[in-house]
Amino acid sequence: MITFTASKGFFTESSIGSTTDGLASVGFNTGTSAGPLTITARLGAMAGVKTGNINPGFPASISMQIQKTDEFGNWIPVPPEGIPVNFPCPVRVRATVRDLYNNVNPGTPLEFETSLGGIQGSSITDDSGVAYVNFFPGQSAGNAQITARTVQIGEGGEPIQGVTVMSIYSDEVHSIAFTIQEEIYLDVIGVGGIESRSLRVE
């Protein structure tokens, strides 16, 4: 009787196979966990080892984080309030691709775009399923919607995308102007004319 063990997956009926003409077999299923695989067949003190790899499934999700460097050069998440225009320190987008079972997807090409500022257009995930691209805030304030999208199809037969939003703000006032272009004509209170009006500046 040959006893089989595996570092991942499971045996469908039994992990013990009887020998017939010197051959023993068992049913094996990969399960949901990707990564290096080692299968051992053992009879007493003798053992045979087979190595391999279980590949992840199709990409199913992209999680994203925007990062900046601190004063020591370490990458940290951008704070909730965002970053100012013309931010002088490096900024990058971190995208992690996972399959339906939460396994990372290495070697996955991604395309990036942003509604505000500038961004490096493409990257490929590393062995940890992570891809990085540089982001450039530019001179315009507002909310930057950043999208990462798989080049190839993902789970469900369509490309998978992830979206994150970051605020780009301006804390320096260069000018103040009223949004009303014409002259303002009002009447004193109590005479039945126009005595109030909304005022707005930008």
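Whatever comes next refers back to the structure up there.
Note that this is a predicted model, so its numbers are computed, not measured.

A. Expanded view of the overall build of the protein. If you tally the helices and strands in the protein, you get zero helices and 16 strands. Relative to the globule expectation of 17 Å for 202 residues, the C-alpha radius of gyration of the protein, 30 Å, shows a markedly less compact shape. The buried share of the protein, taken over its 202 residues, is 28%. A separation threshold of at least 6 residues defines the contact pool for the protein, and within that pool the share at least 24 residues apart is 50%. Of the accessible surface of the protein, which amounts to about 13000 Å², a share of 51% is contributed by carbon and sulfur atoms. With 10 positive and 19 negative side-chain charges, the protein shows a spacing of 12 Å between the two charge centroids.

B. Representation of the sheet that holds strand β7 (residues 59-69) in the model. Taken together, five strands build an open sheet; the order of strands is β8-β7-β10-β14-β12 and the sheet is antiparallel. With partners counted over all chains shown, the strands left at the sheet margins are β8 (75-77) and β12 (118-119), one partner each. With six bridges joining them, strand β10 (residues 91-99) and strand β14 (residues 130-136) adopt antiparallel strand pairing. Bridged to Val91 within β14 is Phe135.

C. Expanded view of the side chain of Asn103. With respect to the helices and strands, the residue Asn103 is situated in the loop between β10 and β11 (109-114). Accessibility expressed as a relative area gives 12% for Asn103, which makes it buried. In contact with Asn103, other than residues within four places in its own chain, are Thr32, Ser33, Ala34, Pro56, Val97 and Arg98.

D. View of the pairing of strand β1 (residues 2-6). Summarising the sheet, β1 and strand β3 (residues 16-17) pair through two bridges and their orientation is antiparallel. Each bridged residue has a counterpart across the sheet, and for Thr3 the counterpart in β3 is Ile16. Two elements, β1 and strand β5 (residues 35-43), share four bridges in a ladder whose sense is antiparallel. Along β5, the bridge assignment pairs Ala6 with Ile39.

E. Representation of the sheet that holds strand β16 (residues 161-169) in the model. If you trace the five strands from one edge of the open sheet to the other, you get β9-β16-β15-β11-β13, paired in mixed fashion. In this open sheet, the two strands that pair with only one neighbour each are β9 (83-84) and β13 (122-124).

F. Region of interest: the nonpolar core. Membership of the largest hydrophobic core comes to 24 residues, with the highest contact counts inside it found for Ile62, Val93, Phe112 and Phe135. Those elements that place two or more of their residues in this core are β7, β10, β11, β14, β15 (142-150) and β16. In this structure Phe135 touches Val91, Arg92, Val93, Thr114, Leu116, Gly118, Ile119, Ala144, Ile146, Met166 and Ile168, once residues within four positions along its chain are discounted.

G. Seen up close, the environment of Tyr169. Relative to the helices and strands, Tyr169 resides in strand β16. Sequence separation between Tyr169 and Glu158 is 11 residues, and the spatial gap between their C-alpha atoms is 35 Å. Residue contacts for Tyr169: discarding those within four places in its chain leaves Glu81, Gly82, Ile83, Pro84, Val85 and Ala141.

Rules and cut-offs
Residues numbered from 1 in each chain as written. Predicted model: local features only at pLDDT ≥ 70, side-chain atom pairs only at ≥ 80, totals over all residues. Heavy atoms only, no water. Helix = DSSP H or I, 4+ residues; strand = E, 2+ residues; numbered from the N terminus. Rg over C-alpha atoms; globule rule 2.2 N^0.38 Å. Buried < 20%, exposed > 50% of the residue type's maximum accessible area, 1.4 Å probe, protein only. Contact = heavy atoms within 4.5 Å. Areas by Shrake-Rupley, 256 points an atom, 1.4 Å probe, with all protein chains shown as cover. Lys, Arg positive; Asp, Glu negative; His and termini not counted. Charge placed at Lys NZ, Arg CZ, Asp CG, Glu CD. Pairing = 2+ DSSP bridges. Core = buried A, V, L, I, M, F, W, Y, C linked by side-chain atoms within 4.5 Å.

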